[in-house]
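Secondary and tertiary structure notes
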Amino acid sequence: MNDHDNIDPSNMSRADIEADIEEAREELEATITALGDKLDVKGRMKSSAQDVKANTLAGVEQAKLNTLAGVDQAAQAVKDRAAQVGNSDAVSAARANPVVPVAIVAAVTAAVVGIVVWRRSR
């Protein structure tokens, strides 16, 4: 119960009664607005859908940023490894004597061609 439920209007001035009525109107308006908001299922669903959409878009954006960061890290790791391989002794030796790698490629090619010809002749 509110405090104005137990008030005797005969002991109140006109201004007090009007103020009490205005307070009661404001309380009723707040109550009606709250009830209307609870009954507005369509509005609540729309608001909820907007929240879900915003959260989903934020999650997608974060996943995209995480993926790009991972790709950048992987690319840097590949560059670092390529630089290490490019500076290795085997690569330096192959650059100094290019006949050896060409001979290895020719031998492997000849072996593959020989195997293919041998299998087809069976």
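Whatever comes next refers back to the structure up there.
Residues numbered from 1 in each chain as written. Predicted model: local features only at pLDDT ≥ 70, side-chain atom pairs only at ≥ 80, totals over all residues. Heavy atoms only, no water.

If you tally the helices and strands in the protein, you get four helices and zero strands. When its helices and strands are written in sequence order, the protein yields α-α-α-α. The buried share of the protein, reckoned over its 122 residues, is 2%. When the accessible surface of the protein is summed, it comes to about 10600 Å², and 61% of that surface belongs to carbon and sulfur atoms. (Helix = DSSP H or I, 4+ residues; strand = E, 2+ residues; numbered from the N terminus. Buried < 20%, exposed > 50% of the residue type's maximum accessible area, 1.4 Å probe, protein only. Areas by Shrake-Rupley, 256 points an atom, 1.4 Å probe, with all protein chains shown as cover.)

Nonpolar side chains collect at one region of the surface, where Ile104, Val108, Val112 and Val116 lie side by side and expose about 340 Å² of accessible area between them. Among the structural elements, isoleucine 104 can be located in helix H4 (residues 99–120). (Patch = residues over 30% accessible without salt bridge, like charges linked within 9 Å, V, L, I, M, F, W, Y side chains within 5 Å. Salt bridge = Lys/Arg side-chain N within 4 Å of Asp/Glu carboxyl O.)

Let's shift gears to a negative patch on the surface. On the surface, Glu23, Glu26, Glu27 and Glu29 cluster together to form a negatively charged patch. For glutamate 23, the location among the structural elements is in helix H1 (residues 14–39). Take glutamate 23: its relative accessible area is 33%, and that puts it in the partly exposed class. (Lys, Arg positive; Asp, Glu negative; His and termini not counted. Charge placed at Lys NZ, Arg CZ, Asp CG, Glu CD.)

Going through the model one piece at a time under the given rule, you end up with three salt bridges. Note that glutamate 61 and lysine 64 form a salt bridge whose closest N and O atoms lie 3.8 Å from each other. Here lysine 64 and glutamate 61 lie together in helix H2 (residues 41–86), a separation of three residues that amounts to about one turn. Residue lysine 64 is classed as partly exposed on the basis of its relative accessible area of 45%.

By themselves, these are just geometric observations and shouldn't be taken as functional.
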